[in-house]
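Here's the letter readout for the chains.
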Amino acid sequence: MRRLCSAIVLGLCCAPAVPRENKTDLHGDPLPAGVATRLGTIRLRHAGPSNVIAWSPDGKLLAAADAAGPTQLWDLSTGKLLRQFGQGRSVSRVKLVFSPDGKLLAVGAADIKLHEIATGQERQQISPTQDVKALVFSPDGRYLVAGLNKGGMQVFEVATGMRGSQVGDPLGDVQALAISPDGATLAAAAADTAVALWAKPPWRELARSAAPLRLEPAEVEIFWKTLAQPDGRRAHQAIWALTGASAQSVPFLRDKLKPADAVTAKKVEQYLRDLDNDNFGVREKATRELELLGDQVETTLRAALADNSSLEARRRLGEILEHLEDPPPERLRLLRALEVLEHADSDDARQALAALAKGGTGHWLTDSARRARANAPRQNPALTGIKAE
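Residues numbered from 1 in each chain as written. Predicted model: local features only at pLDDT ≥ 70, side-chain atom pairs only at ≥ 80, totals over all residues. Heavy atoms only, no water.

> How should the pattern of salt bridges be read in this particular structure?
Scanning the model with the defined rule gives 19 salt bridges in all. The partner of D75 in a salt bridge is R302, with the nearest N and O atoms 2.6 Å apart. Taken as a pair, D75 in strand β3 (residues 71-75) and R302 in helix α7 (residues 298-307) lie far apart in primary sequence, 227 residues in all. By the burial criterion, D75 is buried, and R302 matches it. The residue D367 makes a salt bridge to R370 at a minimum N-O spacing of 4.0 Å. Placement of both D367 and R370 in helix α11 (residues 364-375) is noted, with a separation of 3 residues, approximately one turn of the helix. The structure contains a network of salt bridges with shared partners spanning R283, E284, E312, R315, R316 and E319. (Salt bridge = Lys/Arg side-chain N within 4 Å of Asp/Glu carboxyl O. Helix = DSSP H or I, 4+ residues; strand = E, 2+ residues; numbered from the N terminus. Buried < 20%, exposed > 50% of the residue type's maximum accessible area, 1.4 Å probe, protein only.)

Next up, the structure:
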C-alpha cells in the first residue's frame, strides 16, 4: 500500500503541467491571473486624467488627451484603443481637432502635429510662435487656424506647414475658435471676454494664385508608389503634390481606382446570423467567411456590432474588425488616393469620386468615396510646387 501511494505521488509530481488557460472578459480583454470574471470593462479608459476630447466627423472615433500622457484614439463601436501617439507635453492643456474629412487629427500644444488616422503616423509638424490655446480647420481642410496663448491667431497651410501673418492681436489670449457652417465667418473668443468675428476668414491670404504644379508621368508614378509606404511624412508630401498637379494625377488615378464589386447581401446576413448559432462549427465557419470578406463588408460589420445584443456575436465581430485596424499597403494607398481626389478641384476628380461612390454597398472603398465626395470643395487655390525626389 505504501509503494502504491508513493507511485501515485511520484506520478503526480512528474506529470506534465497543464497550461493555464488565458481567461478573458465578455469583451475579449484578458483577465489578471486568478480572476474568474470582470464586471464592467477596461475599455475607453485613458492613460491619465483627460482634459480634452474630440469626436471624429463620422462619429466612429473618439480622441482623448492630457498634458502628461499620450493622445489616445478609441473605436466607439468596440470601445477598444486603436492608437496612441505623443508622450506628454510641457503645457497645461492640449488641443485636439479632426480635419473635416476625418483623415487627420491635429494635436496642438507647444507645437502642432498632424497625425494620420489610418496609421497613427505623424504627417506634418507645424511650429507656431506661441503655445496653442485653440485649433480649428478651414472647411476644406487645407488650412489650420491656431489661437495663441499671448494673443492673436496664426494660420497654417496643411500641405506645407507654411505660416501666414498673425491676426487678431488686440484680442489677447485666444481661448476658443469656431467657423460658421457655411465657412464664411470665423469666430474667436478671448480671455478678456471679447468675441470677434471675421467675415473674411484669415486663411484667404494663403490662397495663392500661383500656376498649378505640373508633374511628369514618371513623377506621378513615384508619388503613386509613395502613397503605399508607411512613412507618414513622405505620404503627406505625395498627397499634396498629386493634388497640386491634378491635371496629370487625376486621369492617372481614375485609371488605377475602380468601383468595388458588390457583395451578396443575403450571404452576409446569413453569416451574421450564424455568429450566434448554437452549433460551434457553424459559428466558426461564419467567422472564417466574414474574415475572408474583410474590408469589403467592414461598414456592415460595424453596424452589426453596434446593433447586436449577443455577447458571442459581439466578441466575434470585434475580433474580425480588430484585424482591419491596420490597413495593408494597397488599402492605405487607395485611401490616400481618395484624399487626392477629394482635394483636387476639378470636374474629372468629382466624376471619379462619383463613379467610385456607386460601387458595392458596404465596401469600405465605396463608403470612403461617398464621404470624400461629400467633403470635396468647390473652390481650391493652386498649391506651391512639390517635386518628386
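Next, the rest of the story.
> How should I be thinking about the packing of aromatic side chains in this particular structure?
To describe a pair of aromatic rings, one takes the distance between the centres and the angle between the planes. The full count for this structure, using the stated rule, is 1 aromatic pair. Residues W224 and F252 carry aromatic rings whose centres are separated by 5.7 Å and whose planes lie at 75 degrees to one another, so their mutual orientation is edge-to-face. Highlighted residues: W224 in helix α2 (residues 217-226) and F252 in helix α4 (residues 246-256), separated in sequence by 28 residues. Residue placement shows R331 over the ring face of W364; its charged tip is 4.6 Å from the ring centre. (Phe/Tyr/Trp six-rings, centres within 6.5 Å; stacked < 30°, edge-to-face > 60°. Lys NZ or Arg CZ within 6 Å of the ring centre and 35° of its normal.)

> In this structure, what is going on with the sheet that holds β3? I would like to understand it.
In a beta sheet, neighbouring strands are held together by backbone hydrogen bonds and run either parallel or antiparallel to one another. The strand order across the open sheet built from 4 strands is β1-β2-β3-β4, with neighbouring strands paired in antiparallel fashion. Strand pairing shows two members of the sheet lacking a second neighbour, β1 (52-55) and β4 (80-85), which therefore form its edges. On average, each strand axis in the sheet is inclined to that of its neighbour by 20 degrees, with strand direction left out of account. As paired strands, strand β2 (residues 61-65) and β3 are joined by 4 bridges and run antiparallel to one another. In the sheet register, A63 faces β3, and the bridge partner there is L73. (Pairing = 2+ DSSP bridges. Axes fitted to C-alpha atoms, helices over the stretch in contact; angles between N-to-C directions.)

> Even after reading the chapter, I still don't get the layout of surface pockets, so can you show me in this structure?
The rolling of a water-molecule-sized probe over the atoms marks out the regions of remaining empty space. Of the voids in this model, the largest pocket is the one considered here, and its volume is about 750 Å³. Looking at the largest pocket, it is lined by 31 residues, and the ones nearest its centre are D58, L61, I117, R331 and R371. Those elements that provide at least two residues to the lining of the largest pocket are β4, α7, α9 (329-343) and α11. Residues belonging to the lining of the largest pocket are distributed by class as follows: 11 nonpolar, 5 polar and 15 charged. (1 Å grid on protein atoms, 1.4 Å probe; cavity = no way out; pocket = protein on both sides within 12 Å on 5 of 7 lines; lining within 4 Å. Points joined across faces, edges and corners; volume = space filled by probe spheres on them. Nonpolar A, V, L, I, M, F, W, Y, C, P; charged D, E, K, R; others polar.)

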